[in-house]
Amino acid sequence: MSSLLGCNHLSVRFFEDKEPVLKKVTLHINQGEKVLILGPSGSGKSTIISVLAGIIPEHIEAYVSGEVIRRKRAGVLFQNPDTQFCMQHVDEEIAFSLENRKVPREQMDGIIFEVLETVGLMIEPHTPIANLSGGMKQRLALACLLALEPEVLFLDEPTAQLDPSGRKEVFEVIKNTAARTGQTMVMVEHVLDGCIEWMDRVILLNKNGQIIADGKPEMVLRQYKEEMREAGIWIPQVYPCKWEEFIQNESHPRRLELINKYESQNGIEKSGGLDDPLLEVKHLEAAYNKETILENIDLTVNKGEWIAVIGNNGAGKSTFLKILAHLKKSKKGDIHFHGKALKKWRERDLYQHLGFVFQNPELQFINQTVFDEISFSGMQYQWKEADINQRTIELLKEFGLEPFQNQHPFSLSFGQKRRLSVATMLLLDQDILLLDEPTFGQDAKSSHDLLQVLEKRKKEGTSIIMVTHDMDIVDQYADKVVVLHQKNIAFSDHPYLLFSNQELCKELAVVPPLHYQLIADLKEAGDNQKQRVLPITS
């Protein structure tokens, strides 16, 4: 194989930073290789992709030194798909890619249907992009790239906004595309199960933007597992093992670990708050672009209760959260907060008691520095300057943002922006926090630290309603899981009661945590074994 793209002694420093994001990185990628780039949040993973794709410095200004080898036809799938759309409708967006390839107009409709089917986006082609959920937009962005037929496909967390079943499907789409076309792919991902198995190489960065490992996935994982853990990188739950090993080998250490994890959850009654209703929802009905997506929704949130809201992409999770935060109107129904109708609250009073974290952190930022972003709420409510400064510094340290306190929020990495968006909501010690995918885009350490902060707040009496696609978080932290399915609440109870019910999970398209899947498969294997040894009777 011949070298297709790469860099020699590449260093990148953004104008507002004192230190480079990447330091003398040398990397060469061959024709047809599938390369996975790993590293902690802020290590420069996305920066490498942006440089190799030509986005830096052509479209994003930065000091760049060293040699860069690029390809002319490169496709990039960003973390936030909204940043790459330029048309209003799905078919128009894909047609824009086809126009760049000079595909004749009469051939476009067939290709548009084909790429939509390939990514599992079975919708009317002329659907407005604004009507799509975050996960559907991610699939559309992938479809647009496939229509381009690029020489190199750069994927920056392509499944970040997808539910577990959707993530599995998109990984399969990318894998099959790679196998069919032999296309060169460079991917950044946090969730490794489902993609690391078919990668040719793994490149591991440290927090200083330096390559510390480069080799076959199994080699990097075995030899650098501790370095990966210390850096906060998510470790694959299965790879390099095979699922059959867990089923067949009773002494397999990972099997025993998963069984212990299951048993630790079995029968545990988590604290469900103080049985003191804080927020009450009755007969709620909601629409998105005039289409009813939620109806007859009832929910009571107690003081100090942690509720996880889950469901497939497009189920209405984000819309539901925005209605609870009084950021979107409902069609019908009543919401009471502290016994008072939500619509009767003055905004200034309401948001002193209620905090909301958007799925897209950039929607929250209104100040010029990270420090001012966190301290803003204290200034709004006329705190003493000394108190504002003290609490802001505490939060900067708590979220690992102190080195970036004088930077513009938009200059941070996505993971750092995510942490900042949560930190801004914690200054006031509100009674209830509404969080839309707060761990999305976070490395393992940042996610763990954030969840510990939220757990501490919960123990102090703060109620938490969190939308998430991470079933392990639901299993470990939530007192109650609410499943939105086909416009209704299809389940509302303890997570164990959902995840241990295999049939219910299938019915609601819920992918339970790995330890529940193992127990179900072990039970099935045991039942099959019993059937084989039963005597035949006439």
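Residues numbered from 1 in each chain as written. Predicted model: local features only at pLDDT ≥ 70, side-chain atom pairs only at ≥ 80, totals over all residues. Heavy atoms only, no water.

The protein chain is annotated in an unreviewed UniProt entry as ABC transporter ATP-binding protein of Niallia hominis. Here is the UniProt Subcellular location (unreviewed entry) comment for the protein chain, exactly as written: "Cell membrane". (UniProt positions renumbered as here; feature names shortened; annotations may be inferred.)

> Just checking my understanding: could you explain the sheet that holds strand β2 (residues 22–30) for this structure?
As a general point, the strands of a sheet are linked pairwise by backbone hydrogen bonds and lie either parallel or antiparallel. Strand order in this open sheet of three strands is β2-β1-β4, and the pairing throughout is antiparallel. Edge positions in the sheet fall to β2 and β4 (63–69), since each has one partner strand and no second. Strand after strand, the sheet turns through a mean of 10° between neighbouring axes, direction not considered. With six bridges joining them, strand β1 (residues 3–13) and β4 adopt antiparallel strand pairing. Within β4, the residue paired with R13 across the bridge is Y63. In this fold helix α1 (residues 45–53) packs onto β1, β2 and β4, with an angle of close to 60° to the strand it touches most, β2. (Pairing = 2+ DSSP bridges. Helix = DSSP H or I, 4+ residues; strand = E, 2+ residues; numbered from the N terminus. Axes fitted to C-alpha atoms, helices over the stretch in contact; angles between N-to-C directions. Contact = heavy atoms within 4.5 Å.)

> What should I look at first to understand the packing of aromatic side chains in this one?
In the structure shown here, the tally under the stated rule is 10 aromatic pairs. Ring plane angle 85° and centroid distance 4.8 Å describe the contact between F356 and F358, whose orientation is recorded as edge-to-face. Residue F356 is classed as buried on the basis of its relative accessible area, which comes to 5%. Put simply, the rings of Y262, Y496, F499 and Y516 pair up and form one aromatic cluster. Above the ring of W345, the side-chain terminus of K340 is found at 5.1 Å from the ring centroid. Looking at K417, its charged tip hangs above the ring of F410, at a distance of 5.8 Å from the centre. (Phe/Tyr/Trp six-rings, centres within 6.5 Å; stacked < 30°, edge-to-face > 60°. Buried < 20%, exposed > 50% of the residue type's maximum accessible area, 1.4 Å probe, protein only. Lys NZ or Arg CZ within 6 Å of the ring centre and 35° of its normal.)

> Is there a simple way to explain helix α11 (residues 317–324) in this structure?
Since the α-helix advances by 3.6 residues per turn, residues separated by three or four positions end up pointing in the same direction. When you tally the buried positions in α11, you get six out of eight residues, the bulk of the element. A positive backbone phi angle near 65° is found at H326, which sits one or two residues after α11.

> Hey, could you run me through the side chain of S97 in this one?
Position of S97 relative to the elements: it lies in helix α3 (residues 90–100). Judged by its relative accessible area of 7%, S97 is buried. Apart from residues lying up to four places away in sequence, S97 is in contact with C144, A147 and L148.

> What's the story with the sheet that holds strand β11 (residues 291–302) in this structure? I'm lost.
Across the sheet, four strands lie side by side as β11-β10-β13-β14; this open sheet has antiparallel pairing. If you trace the sheet from one side to the other, it starts and ends with β11 and β14 (340–341), each paired once. When strand β13 (residues 332–337) meets β14, the two strands line up antiparallel, connected through two bridges. By the bridge assignment for β14, F337 is matched with K340. Most of the contacts of α11 go to strand β10 (residues 277–288), to which it runs at about 125°, and overall it touches β10, β11 and β13.

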